[in-house]
Amino acid sequence: MTLIRLPKTAPSLGHPLERLLAQRRTLRAYSGQPVSWAKAACLLWAAQGVTDAGGLRTAPSAGALYPLEVYLLAGAVTGLEPGIYRYQPRSDAVLRLASGDRRAELAAAALHQDWLVDAALTLAFAARYARTTWRYGRRGVQYVHIEVGHAAQNVQLMAVSLGLGSAVVGAFDEARVASLLGLPAEETPLYLLPVGAAA
Ligand SMILES: Cc1cc2nc3c(=O)[nH]c(=O)nc-3n(C[C@H](O)[C@H](O)[C@H](O)COP(=O)(O)O)c2cc1C
């Protein structure tokens, strides 16, 4: 066996993507400062934005079946009323589902990870498995889980590029988060991404 070291120039931090990757970190200490609606919109677009006339998106999807739904829990977003919103990728819009700052309830549902209260907003990914499993069967479940990782990474890198920090949160009470978001029965919450300025 021979150990071959990577060339010293990689990563050189000379390319913008290298900087984003190197600076991506799970942030759990937020300043509480608001995030603009324009930046929140960039995060939603990174998650599932449409980038092609045929409807293809920022993140890959098995069979282009797009089983993920993205929700925005806005707590301190300037220009957007606190509330719960669902992203509509095709129209690049959000639909307001509920009003009010629900961050404390979200933190409680996330097994009392109380630092979630200080994040300006949280994106929540939910899955509609049937959109993928009708074609791919049991393997489709794995595809959906792979896809949420793609989308979450997009959001984390976009957060860095906007001068913000983010975290990925998988530890939460599924039923409580589903109830908080008002999810229909066919949607399962998978992943939470709190975003905000670093403390
Ligand atoms: C699937 C998954 C679930 C996670 N859930 C949580 C969580 O509930 N709470 C938390 O604080 N961090 C959570 N994390 C973040 C990890 O703790 C973090 O990614 C790890 O410590 C590496 O640090 P880094 O993200 O800064 O590189 C989760 C990460 C992954 C991939």
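Coordinates for the structure precede this section.
Here is a short report on the structure shown in this document.

Basis of the calculations
- Residues numbered from 1 in each chain as written.
- Predicted model: local features only at pLDDT ≥ 70, side-chain atom pairs only at ≥ 80, totals over all residues.
- Heavy atoms only, no water.
- Pairing = 2+ DSSP bridges.
- Helix = DSSP H or I, 4+ residues; strand = E, 2+ residues; numbered from the N terminus.
- Near = heavy atom within 4 Å.
- Polar contact = N/O pair within 3.5 Å; in protein donor to acceptor, adjacent residues only side chain to side chain.
- Nonpolar A, V, L, I, M, F, W, Y, C, P; charged D, E, K, R; others polar.
- Contact = heavy atoms within 4.5 Å.
- Axes fitted to C-alpha atoms, helices over the stretch in contact; angles between N-to-C directions.
- Parallel < 35°, antiparallel > 145°, perpendicular 65-115°, else oblique.
- Left-handed = near helix turned anticlockwise from the far one by under 90°.

Let us look at the pairing of strand β4 (residues 83-88). Where strand β2 (residues 68-74) and β4 come together, four bridges link them in antiparallel fashion. In the sheet register, Tyr71 faces β4, and the bridge partner there is Arg86. In terms of strand pairing, β4 meets strand β5 (residues 93-99) through six bridges, oriented antiparallel. Looking at β5, one finds that Gln88 is bridged to Ala93. Taking the residues between adjacent antiparallel strands as the criterion, β4 and β5 are bridged by four residues, where Asp92 takes a positive phi near 50°.

For the rest of this paragraph, the subject is the site of the ligand. Neighbouring the ligand are Arg24, Arg25, Thr26, Arg28, Gln113, Trp115, Val168, Val169, Gly170, Ala171 and Tyr191. Taking Arg24, its side chain carries an N or O atom lying 2.8 Å from an oxygen atom of the ligand. Taking Val168, its main chain carries an N or O atom lying 3.1 Å from a nitrogen atom of the ligand. By residue class, the composition of the shell around the ligand is five nonpolar, three polar and three charged.

Right, let's talk about the sheet that holds β5 for a bit. If you trace the six strands from one edge of the open sheet to the other, you get β5-β4-β2-β6-β8-β7, paired in antiparallel fashion. Both edges of this open sheet fall to β5 and β7 (165-166), since each of them pairs with a single strand only. This element, helix α5 (residues 138-161), spans β2, β6 (121-127), β7 and β8 (188-196) of the sheet and lies at about 10° to β8.

Further remarks concern the packing of helix α2 (residues 37-48) against α5. Where α2 contacts α5, the axes come no closer than 7 Å and their chain directions differ by 150°. Taken together, the axes of α2 and α5 are roughly antiparallel relative to one another. You can see that α2 and α5 cross each other, and the crossing is right-handed. Here α2 contributes Cys42, Leu43, Trp45, Ala46, Ala47 and Gln48 to the contact with α5, which in turn contributes Ala151, Asn154, Val155, Met158 and Ala159. Split by residue class, the contact of α2 with α5 holds nine nonpolar, two polar and no charged.

Time to look at the environment of Ser61. Along the polypeptide, Ser61 turns up in the loop between α2 and β2. A C-alpha to C-alpha distance of 13 Å links Ser61 and Arg128, two positions 67 residues apart in sequence. Beyond its immediate sequence surroundings of up to four residues, Ser61 is in contact with Tyr66, Pro67 and Glu147. A distance of 3.4 Å separates a polar side-chain atom of Ser61 from the backbone nitrogen of Leu65. Reaching out from Ser61, the side chain makes a polar contact with the side chain of Glu147 at a distance of 2.9 Å.

Purely spatial values, then, with no claim about function.
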